[in-house]
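Each chain, written out:
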Amino acid sequence: MKLRRTMALMAAAALIAALLGGCGSEETSTKTTETTETTQATSMTDEERIVAAAKEGKVGNWGLGNEYEIQALLTKYGQSTDYLVQSFDMDGFDDGSITLASAMTYNELGLVVNDYEGGYKYGDSVGIIDMNDHGVAMLEDNIFCKKSFAEQNPNTVKAFLSASLKGWEYACNNTEEAAQIVYEAGSSVSSDHQKYMASEVAKLIKTDTKGNAVSDYGKMDPEAMQQTLDLAKKYIKLDDSAASEKLGTLTLDDIRDTSYLEAAKAGDFGTPEKTDVSIQLKWLPQAQFMGYYVAKAKGYYDEVGLNVNIVSGGGDIGETTAVNNGTVDFGVTWVSNLISANSGGMDLLEIAQIYQRSGLVLVYKK
Amino acid sequence: MTKRKLNFDSATSLLYPLIFGIVILMMWQCGVLHSIFRTDEYILPYPTRIFRIIIENFDKILENVNSSVFVIIIGLAAGSVLGYIAAIGATVSPKFGKGGLTVISAFNAIPIVAMAPVIMNWTKDVSSDAEVRSTVAKIIVVTLMCMASMSINAHRGLNELKPFSLDLMKSYAADNKTVFLKLRFPNSIPYIFTALKVSVPGSVITALVSEYFAEYRAGVGRQIRENILIAQYSTAWAYIVVACLIGIILFALLLAAEGIFLKRRKS
């Protein structure tokens, strides 16, 4: 009896030890190969890096509608469009399981580079591949609403745009103050990271995909919009044949309307039809959305007679669904997400394009 | 007489759910469900559209089903075997056993969404192939979930014996091995099925949710999530229907197996 007991215990212990030992030894072996790789890879071009990482299957992206620019980039350099699914931290990049990791310039890249709380402290030892430089940029954060909502409440839409753009303009010119406003409004990240994010977001708003300065906030540049739509048609894969067909026939007129923006800029609008409105963000409260927080804090929404409720995102119900349901009136999404939603049968309308260039980069260790 | 009655009973027990299902489907197709739930045909697409998508994408769906079912079956088998071994261990040494089983069952209380990322991270170095390491991680999550229900139930089956049966065995001077084979093991079989009735649907859900967190994009659960996030509800519903079918088929197989085993045992 006693003997059997000890034998069972020993067997269990041996099993656990084998399991842990096995993992441990493999870990060290991968680490050594990593260091040799990084020493070789100092003077590669972007293309060489993309090809090398794709061949190893070590290009990372979050998927879930964020992957199209990466797929376009991989296709451009003759690689398959497969990528590794990256979690919402940069641990995969840190431990080398992803060599080309997706990062937003204003968020993940800051965490990789900076040494504040939560940062990975890489400093200048990392480089980036910018989607804008490779002609595969797709436009991101915009403002949209339901087409029927815009038709029924044109003055509300114009007033909302007018005040929001004023908020964005102030935020981009006073990024530290804007970061503080977002932080106080219930930020999801540290105040240091918020400041970094605000300054990076301002760059995306004030510069277009070609690197030219933009002064006309919110404009829907036809060329960049068309590039976004063309890439979306190529890389958004829909299994539903009805949706897929509709995607193929979409034109810019099906996804955006510039008239509200023009009227808002000219100040040409009357009293809002609906005064209590809400906007659904694409993600948690952070400086990515500082324009709305600033407009609210500075009273710009009050000035045009609106009472705005800012609804944080980040859950599994997408912003397109929330707006289409009528749960919220306005939303912030990426143009590609709006395109796939409209292909599936939603009737959404972009009314302003806040980010003028892609904030997505691939980050690598030099 | 009894035989005919039995047939009638089993016919109605199949017929009523079938009629109920058809009524629901018809209400769904006619939009009655939509007005009850105050939703539109976008969030809750019509059955005809869902089935058209399933037919059109049969190969792709099958690929994802294969990936999910592989994880479910291996995880279920591994978890059940390990759980049973743990139950035997706990029976052999009750001192450590009780505590050990409590620890194992504590795994059941950890939400999958919390455990999956931890396991994904842990298995990072298992293979250089993302598909392999993702599959291993998903299997481990399912295994842990299935272990708990099996170990608790099997432990009861191995120990809640008929009064005096253990005394009887001892009076025959049966050794531990004989007690196990002739008494404890047969006694535990119905408990094994009780455990499986919990862990079969549990393993389906666990596998689908753990796919959310896998590095490699594969599986029915992954497709559901991706399609919902890019607002493709019809396609997501096609995969939801497929996920339901996987659960129903596995459960039906389990019931059939139970019928065979327990009937043989009775006769």
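Residues numbered from 1 in each chain as written. Chains lettered and ligands numbered in written order. Predicted model: local features only at pLDDT ≥ 70, side-chain atom pairs only at ≥ 80, totals over all residues. Heavy atoms only, no water.

(A) Summary view of a nonpolar patch on the surface. Together, Leu15, Tyr16, Leu18, Ile19, Ile22, Val23 and Met26 of chain B line one region of the surface with nonpolar side chains, adding up to about 700 Å² of accessible area. The topology assignment puts leucine 15 of chain B in helix H1 (residues 2-29). (Patch = residues over 30% accessible without salt bridge, like charges linked within 9 Å, V, L, I, M, F, W, Y side chains within 5 Å. Areas by Shrake-Rupley, 256 points an atom, 1.4 Å probe, with all protein chains shown as cover. Salt bridge = Lys/Arg side-chain N within 4 Å of Asp/Glu carboxyl O. Helix = DSSP H or I, 4+ residues; strand = E, 2+ residues; numbered from the N terminus.)

(B) Just the domain arrangement of chain A, in detail. All names here are of chain A. Segmenting chain A into domains produces domain 1 (2-134) and domain 2 (142-359). With 23 residues of domain 1 at the interface, the matching set in domain 2 holds 23 residues. In this assembly, domain 1 packs against domain 2 so that about 2,000 Å² is buried in total across both faces, 55% of it on carbon and sulfur atoms. The largest per-residue losses of area from domain 1 upon contact with domain 2 belong to Tyr68, Tyr106 and Asn132, which jointly make up 38% of the total buried on that side. Put simply, domain 1 and domain 2 have one salt bridge between them. Two residues, arginine 357 and aspartate 130, come together in a salt bridge whose shortest N-O distance is 3.2 Å. Sorting the residues of the side of domain 1 that touches domain 2 by element identifies helix H3 (68-76), strand E3 (100-104) and helix H5 (108-113) as the ones contributing at least two each. (Domains from an automatic or database assignment. Contact = heavy atoms within 4.5 Å. Buried area = accessible area lost by both parts, 1.4 Å probe.)

(C) Inspection of unusual backbone geometry at higher detail. Residues and elements named next belong to chain B. A positive phi angle is found at phenylalanine 164, which is not glycine, with a value near 70°. Within the secondary structure layout, phenylalanine 164 lies in the loop between helix H7 (130-159) and helix H8 (165-171). For phenylalanine 164, a relative accessible area of 67% gives the class exposed. With phi around 65°, alanine 231 is a residue other than glycine that occupies positive phi space. In this fold, alanine 231 is placed in the loop between helix H10 (220-229) and helix H11 (233-266). Judged by its relative accessible area of 0%, alanine 231 is buried. (Buried < 20%, exposed > 50% of the residue type's maximum accessible area, 1.4 Å probe, protein only.)

(D) Expanded view of the interface of chain B and chain A. Opposite the 36 residues of chain B that make contact, chain A presents 37 residues. At the boundary of chain B with chain A, total buried surface from both sides reaches about 3,200 Å², with 51% on carbon and sulfur atoms. Linking chain B to chain A there are five salt bridges. A salt bridge links aspartate 240 of chain A to arginine 49 of chain B; the nearest nitrogen and oxygen atoms lie 2.6 Å apart. At the junction of chain B with chain A, the criterion picks out 13 residue pairs in polar contact (both at pLDDT 80 or more). Listed by contribution, the elements that provide at least two residues to the side of chain B that touches chain A are helix H3 (47-56), helix H4 (58-92), H7, helix H9 (176-212), H10 and H11 of chain B. (Polar contact = N/O pair within 3.5 Å; in protein donor to acceptor, adjacent residues only side chain to side chain.)

(E) Layout of the sheet that holds strand E10 (residues 360-365) of chain A. All names here are of chain A. Ordered by their spatial adjacency, five strands build an open sheet running E2-E1-E3-E10-E4, and the pairing between neighbours is mixed. The open sheet is flanked by strand E2 (84-85) and strand E4 (126-130), the only strands paired with a single partner. In this sheet, E3 lies alongside strand E1 (residues 59-61) in parallel orientation, the contact comprising two bridges. Within E3, the position partnered with glycine 60 by the bridge is alanine 101. (Pairing = 2+ DSSP bridges.)

(F) View of the sheet that holds strand E5 (residues 142-146) of chain A. Residues and elements named next belong to chain A. Spatial ordering of the open sheet is given by E7-E6-E8-E5-E9, a layout of five strands whose pairing is mixed. Unpaired on one side and paired on the other, strand E7 (307-311) and strand E9 (348-353) mark the two borders of the sheet. Sheet analysis places strand E6 (residues 276-280) next to E7, joined by five bridges and oriented parallel. Across the sheet, glutamine 280 pairs through a bridge with valine 311, a residue of E7. Taken strand by strand, helix H14 (residues 290-297) contacts E5, E6 and E7, and its axis lies near 145° from that of E7. (Axes fitted to C-alpha atoms, helices over the stretch in contact; angles between N-to-C directions.)

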